[in-house]
Amino acid sequence: MRDGAQVLSLRGATKRFGGLVAVDGIDFDVHEHEVLGLIGPNGSGKSTTLNLISGALAPTSGTITLRGAPISGQPAREIARRGVARTFQLVRLLPSMTVLENVTAGAVFGHRRRWGHAAEAQALAVLEKVGLAGAAQSRVGQLTYIDTKRVELARALAGDPEVLLLDEWLAGLNPTELEQGIDLIHKLRDEGRTVVLVEHVMDAIRSLCDACVVMSSGRKIAEGTPGEVLSDPEVVRAYLGDDNA
Amino acid sequence: MDIIITGLLLGGTYALIATGLNLQYGVARIMNLANGEMLVVGGFTAFALYTGAGISPVLTLFIVAPIAYALNWAIYRVMLRPLVKRAKSRGMLEQESILTTFGLSFTMVGLMLWIFGGSYFKYSFLARPFVLFGDNYGLNRIVAFLCAVIICGVLYLWLNHSRAGMAIRAVAVSPESARLVGIDVPKLSAHAFAIGGAVTAMGGAVISTFLTLDASTGVIFTMKALIIVIMGGVGDIRGTIIAALILGVGETLVASLINPGLTLAAAYGMFILILLFRPQGLFGRKPT
Amino acid sequence: MTTRDWKNLVLGAVLLGIAALLPLTGDAYAIALGVNIAMYGVLATSWALFSGPTHYISLATAAFFGVGTYVTASGIDVLPYWALPPLAGIIGGILAGIVGLATLRLSGVYFVIFTLGLAEMIRQIVTWRQNATGHKGSYVLTDLTENHIYWQLLGVAALVYLAGWAIGRSRLGFALRIIGDDEQVASHLGINTAVSKVALFIVPGAVAAIVGAMIAPRYIYIEPSTAFTPMLSFQVVIMAMLGGTGRLWGPIVGVIPFTLLWEVISVSFPNQTTLLLGLCFLLIVYLLPNGFVGLFQKIHARALSKEAYQ
């Protein structure tokens with residue numbers, strides 16, 4: 001299963017905030033064309049780990065490499081150029097711009113940079129892929145919640161990233177939207193994208209992820225296929241507390 | 001030695017002004033560019049009462065404080081509260097409050113120019129020498145320093161040891177969480193803004209005993225207060241006091257060793273150093 | 001370039017051409033007013049190039065302008081006049097670059113505070129140097145008339161509009177709009193936010209210095225307090241806000257009525273100019289936060305939606 005080349009690897013990645021160790025010596029690899037789920041209870045350091053990869057935060061120690069080249073400690077813009085694109089836990093769109101402009105921003109400044117007609121064509125193609133082809137000229141303020149998430153995803157995809165980071169991209173969707181959302185990520189997976197997703201929705205994890213890393217209190221407590229890790233007694237204990245183990 | 005003491009005496013009054021601004025920015029989240037004008041209002045009041053009715057500037061403090069409190073409370077409620085309400089983010093509020101208070105500062109300068117004219121205001125109060133460690137200092141500067149110490153001290157104790165003070169500090173740290181524990185954030189913000197204005201105006205009354213003011217000097221004090229607040233750290237009263245003393249000494253050094261016309265340039269020099277090396281303030285932790 | 005671009009270009013050129021005919025009227029008062037409008041127009045338009053998209057409010061126009069007048073004042077005896085405005089532009093640009101590097105890496109507040117006192121600080125240093133060398137002010141004696149100054153300013157205006165037009169279509173302009181919307185998103189998209197901001201801030205810095213250098217012959221006698229007047233920074237912000245910063249044509253739409261209004265105010269209420277200026281500014285911030293451009297867009301949008309109903 002895990003036969004693709006290593007795209008992203010973390011070795012001993014650690015982040016301290018004052019006395020608090022939010023991420024404590026995390027190691028894992030992400031292979032090409034793989035969807036890796038980063039899961040764990042609230043406050044276990046998943047989002048912080050994602051922030052370390054994208055450069056929103058600099059790791060206190062440890063190294064993160066993208067195709068063998070170290071990216072840890074680099075500014076976010078450099079990491080984005082090298083090919084890491086992300087969405088945010090709370091959707092962040094560019095409020096003064098149209099949907100098309102939001103996505104064009106990703107095509108112009110992302111990993112693979114385009115300009116002019118090429119950038120716009122790329123943006124339209126990605127919008128079509130996420131199912132928003134008709135909304136290109138809308139203002140972002142007029143969109144429904146799932147559509148704002150789609151725009152953000154399209155913006156991240158527009159630069160053809162090596163790795164896509166999705167921070168709870170499915171959170172807050174209603175059941176119908178959730179189904180659409182899972183289908184969309186399935187489509188990305190079938191295209192052979194490399195994706196790291198932080199997620200709480202268990203159905204999504206089971207159906208989408210090739211591999212899972214489980215975190216608890218900043219440490220990695222399990223790694224494997226979704227089936228393996230979700231039946232691991234330590235993982236169950238981390239989620240449900242000692243009584244249920 | 002005498003330069004350092006003169007600097008510390010000056011820094012004490014600066015601490016008072018900057019503490020006022022820090023309350024307004026740190027708690028009420030208003031970057032108040034009209035802060036210096038409030039200072040000049042305090043100074044002019046002291047001048048008018050001393051020359052007109054012979055009231056000592058020290059007593060004037062008790063008159064200036066409640067008036068400035070009411071005035072600033074009204075400014076907050078009428079002009080700034082609508083901005084807080086319509087702002088979608090902290091950045092947007094910052095930008096709008098900068099524009100509004102910048103306009104307010106010109107309006108206040110205009111009013112004072114109209115009422116008092118453009119001349120300098122100076123009066124002689126306790127202009128006697130006072131011997132300290134074998135050197136002569138103006139007695140007015142010493143009295144001003146003591147006033148500043150007392151006001152800052154009372155404020156510090158009140159913020160750290162009273163229920164209302166604790167609520168104000170809670171709003172400074174996080175208005176969102178403060179609201180959740182039942183603190184009336186809009187009311188306290190108005191309160192903090194008003195107290196900040198009152199403290200600054202008292203600073204103006206104090207400073208007018210030994211410095212010459214005119215209607216348009218406010219902006220210089222705004223600058224200095226802003227630099228002190230950035231240096232000491234937003235929301236940190238202790239940091240503000242120490243930064244004010246450093247600025248007072250630094251300025252006095254430049255004024256007496258190079259040229260008295262370069263005080264703002266000296267303040268700027270320190271500001272640049274802070275921006276380059278410790279933008280989070282002298283005692284602030286690195287933002288994470 | 002599309003046909004619409006060509007149309008706008010031709011329209012702009014025609015308007016500037018008409019404006020250039022003003023001195024032919026021979027009306028000294030109209031020409032003096034024209035110089036004011038051209039000066040504020042150039043300053044406000046270049047101000048909005050940076051402060052419009054980024055929302056970083058620069059209060060430093062007077063500082064760069066003053067530096068420009070001093071380039072002319074101190075260089076007029078050494079260099080030919082035509083070399084001075086470009087030189088002022090270079091010096092102003094470098095100064096803006098330094099200010100930008102020191103403050104634009106950090107949050108917007110630092111930038112505002114820094115620009116607020118910049119003019120005053122440079123004024124103090126210039127005064128100090130002058131006192132040290134023993135002369136208080138300097139004379140700028142040239143045979144340039146108001147007409148020459150006016151035409152020069154129109155030339156700069158043409159350059160500023162072209163630059164603004166080019167920036168609006170460039171990656172840099174797009175990057176600045178993204179930064180103005182959400183700086184964190186910008187850096188996660190791969191934009192070097194600090195470099196972009198500094199690069200664009202150099203434009204208004206250089207332009208204000210050039211304008212200062214061109215206006216200097218009008219003052220004849222130059223001293224620090226006339227060259228570095230904080231009122232100038234304030235007027236430029238007001239006019240640009242009144243017109244609106246969302247469009248290239250916005251600031252000039254604010255400059256023309258405000259300069260005329262200002263003329264009336266300074267004649268009728270010479271002692272209340274500062275007060276009235278402050279009140280006008282507050283009115284604009286509260287009633288017209290997006291200026292005439294915003295008002296125009298609102299009316300336009302309303303008309304469009306009405307059409308849709310019919």
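Residues numbered from 1 in each chain as written. Chains lettered and ligands numbered in written order. Predicted model: local features only at pLDDT ≥ 70, side-chain atom pairs only at ≥ 80, totals over all residues. Heavy atoms only, no water.

### A short note on the overall build of chain C
Spelled out, the test is: Secondary structure elements are defined from DSSP: runs of H or I of at least 4 residues count as helices, runs of E of at least 2 residues count as strands, and each element is numbered from the N terminus. Throughout, the radius of gyration refers to the C-alpha atoms, and the reference size of a globule is 2.2 Å times the residue count to the power 0.38. Accessible area is worked out with a 1.4 Å probe on protein chains only. A residue is then buried under 20% of its type maximum, exposed over 50%, and partly exposed in between. Should any heavy atoms of two residues lie within 4.5 Å, those residues are considered in contact. Surface accessibility in these figures is a Shrake-Rupley result with a 1.4 Å probe; residues are shielded only by whichever protein chains are displayed. Charge counting treats Lys and Arg as positive and Asp and Glu as negative, with His and both chain ends excluded. Where a charge lies is defined by one atom per residue type, namely NZ (Lys), CZ (Arg), CG (Asp) and CD (Glu).
Along chain C, the regular secondary structure elements total 14 helices and two strands. Taken against the 2.2 N^0.38 rule, which gives 19 Å for 310 residues, the C-alpha radius of gyration of chain C at 20 Å falls within 12% of a compact globule. A principal-axis box enclosing the C-alpha atoms of chain C has dimensions of 70 × 50 × 40 Å. Out of the 310 residues in chain C, the part that is buried amounts to 54%. A fraction of 80% describes how many contacts in chain C between residues 6 or more apart in sequence connect residues 24 or more apart. Summed over all atoms, the accessible surface of chain C reaches about 13,500 Å², with 69% contributed by carbon and sulfur. One finds the centroid of the 15 positive side-chain charges in chain C at a distance of 10 Å from the centroid of its 12 negative side-chain charges.

### Focus: the overall build of chain B
Along chain B, the regular secondary structure elements total 11 helices and two strands. Helices and strands appear in chain B in the N-to-C order α-α-α-α-β-β-α-α-α-α-α-α-α. Since a compact globule built from 288 residues should have a radius of gyration of about 19 Å, the 18 Å found for chain B is in line with a globular shape. C-alpha extents for chain B along the principal axes are approximately 55 × 45 × 35 Å. Within chain B, the proportion of its 288 residues that are buried is 56%. Sequence separation of 24 or more characterises 76% of the internal contacts of chain B that already satisfy a separation of 6 or more.

### Describing the layout of surface pockets
The condition is simple: Every definition here rests on a 1 Å grid over the protein atoms only: cavities are sets of points where a 1.4 Å probe fits but cannot get out, pockets are open sets enclosed by protein on both sides within 12 Å along at least five of seven lines, and lining residues have some atom within 4 Å of a point. Grid points are joined across faces, edges and corners, and a volume is the space filled by probe spheres set on the points. Residues are sorted three ways: Asp, Glu, Lys and Arg are charged, Ala, Val, Leu, Ile, Met, Phe, Trp, Tyr, Cys and Pro are nonpolar, and all the rest, Gly among them, are polar.
The computed volume of the second largest pocket comes to approximately 1,400 Å³. If you trace the second largest pocket, you find 44 residues lining it, with S216(B), T217(B), I220(B), E120(C) and R123(C) closest to the centre. Of all the secondary-structure elements, those providing two or more residues to the lining of the second largest pocket are α1 (2–26), α4 (90–116), α9 (218–232) and α10 (237–257) of chain B together with α5 (108–133) and α11 (230–243) of chain C. At eight residues, the largest contribution of residues to the lining of the second largest pocket is made by α5(C). Counted by class, the lining of the second largest pocket contains 21 nonpolar, 16 polar and seven charged residues.

### With respect to helix α4 (residues 117–129) of chain A
Spacing of three or four residues puts side chains on the same side of an α-helix, whose turn is 3.6 residues. All names here are of chain A. Selection criterion: A helix is expected to span 1.5 Å multiplied by its residue count minus one. Taken from the helix axis, the directions to the C-beta atoms give the arc we talk about.
Along its 13 residues, α4 runs 18 Å from first to last C-alpha, staying within 8% of the 18 Å computed at 1.5 Å per residue. When α4 is considered as a whole, its buried residues turn out to be A119, Q122, A123, V126 and L127. Taken end-on, α4 shows its buried residues confined to a sector of 135°, consistent with a single buried face. For α4, the exposed residues lying more than 90 degrees away from the buried face are H117 and E128.

### Observations regarding a nonpolar patch on the surface
Residues and elements named next belong to chain C. Heads up, the rule is: Patches in this entry comprise residues that are over 30% relatively accessible and not in a salt bridge; like charges within 9 Å are linked, as are nonpolar side chains (Val, Leu, Ile, Met, Phe, Trp, Tyr) within 5 Å. The salt bridge definition used is simple: a Lys or Arg side-chain nitrogen within 4 Å of an Asp or Glu carboxyl oxygen.
A cluster of nonpolar side chains, contributed by V10, L11, V14, L15 and I18, occupies part of the molecular surface with about 480 Å² of accessible area. In this structure, V10 sits in helix α1 (residues 3–19). Judged by its relative accessible area of 49%, V10 is partly exposed.

### Considering the environment of I228(B)
One can find I228(B) in helix α9. Along the chain, I228(B) and Y14(B) lie 214 residues apart, while their C-alpha atoms are 8.3 Å from each other.

### Quick look at the sheet that holds strand β9 (residues 211–216) of chain A
Picture the strands of a sheet paired through backbone hydrogen bonds; they go either parallel or antiparallel. Residues and elements named next belong to chain A. The following threshold applies: At least two bridges found by DSSP between two strands are what make those strands a pair. Geometry is summarised by axes, namely lines fitted to C-alpha atoms with helices restricted to the contacting stretch, and by angles between N-to-C directions that run from 0 to 180 degrees.
Reading across the sheet, the six strands line up as β6-β7-β8-β3-β9-β10 and stay open at both edges, with mixed pairing between neighbours. In the strand order of this sheet, the two ends are held by β6 (84–86) and β10 (219–224), each with one partner. Averaged over all neighbouring strand pairs, the angle between strand axes comes to 20°, with direction disregarded. Sheet topology note: the strand β3 (residues 35–39)/strand β8 (residues 195–198) ladder contains four bridges and is parallel. Bridge pairing links L38 to V198 in β8. This element, helix α1 (residues 46–54), spans β3, β6, β7 (163–167), β8 and β9 of the sheet and lies at about 145° to β7. The strands touched by helix α9 (residues 233–240) are β3, β9 and β10; relative to β10, the strand with the most contacts, the crossing angle is about 130°.

### Re the interface of chain A and chain C
To be explicit about the condition: Buried area: the accessible area, evaluated with a 1.4 Å probe, that two parts lose upon being put together, summed over both parts. We define a polar contact as two N or O atoms separated by no more than 3.5 Å, with the added condition that, inside protein, one atom must be a possible hydrogen donor and the other a possible acceptor, whereas residues neighbouring each other in sequence contribute only through side-chain atom pairs.
Each side of the interface is counted separately: chain A has 25 residues, and chain C has 17 residues. Looking at the side of chain A facing chain C, the largest losses of area belong to R77(A), F109(A) and W115(A), adding up to 31% of the total buried there. A salt bridge links D182(C) to R92(A); its shortest N-O distance comes to 2.9 Å. Here chain A is connected to chain C by nine residue pairs in polar contact (both at pLDDT 80 or more). For the side of chain A that touches chain C, the secondary structure elements donating two or more residues are α2 (76–82) and α3 (99–109) of chain A. Among the elements that make up the side of chain A that touches chain C, the one with the highest residue count is α3(A) (six residues). The class makeup of the residues in the side of chain A that touches chain C is 11 nonpolar, six polar and eight charged.

### Re the packing of aromatic side chains
Threshold: Centres within 6.5 Å are what make two rings of Phe, Tyr or Trp a pair, Trp counting through its six-membered ring; a difference in plane orientation under 30 degrees is then read as stacked, over 60 as edge-to-face, and the rest as tilted. Over a ring means this: the NZ of a Lys or the CZ of an Arg is within 6 Å of the ring centre and within 35 degrees of the ring normal.
For the structure on display, the rule yields 20 aromatic pairs over all chains. Taking the centre distance of 5.9 Å and the plane angle of 70° together, the rings of F64(C) and F201(C) count as edge-to-face. Here F64(C) is found in helix α3 (residues 61–75), whereas its partner F201(C) is found in helix α9 (residues 193–219), with 137 residues between them in sequence. Assigned by exposure class, F64(C) and F201(C) land together as buried. One aromatic cluster is present, formed by F50(C), Y56(C), F64(C), F111(C) and F201(C) through successive ring pairs. Seen from the ring of F88(A), R92(A) lies directly overhead, with NZ or CZ sitting 5.4 Å from the centre. Stacked on the ring of F109(A), the Lys or Arg R171(C) has its end atom at 5.8 Å from the ring centre.

### Some remarks on the side chain of D214(B)
Structurally, the position occupied by D214(B) is in the loop between α8 (185–207) and α9. At 9.1 Å, R123(C) is the nearest oppositely charged side chain to D214(B), a buried residue that forms no salt bridge. Looking at D214(B), its side chain comes within polar contact range of the main-chain nitrogen of S216(B), at 2.9 Å. With residues up to four places along the chain from it excluded, the contact list for D214(B) reads V40(B), F44(B), G118(B), S119(B) and Y120(B).

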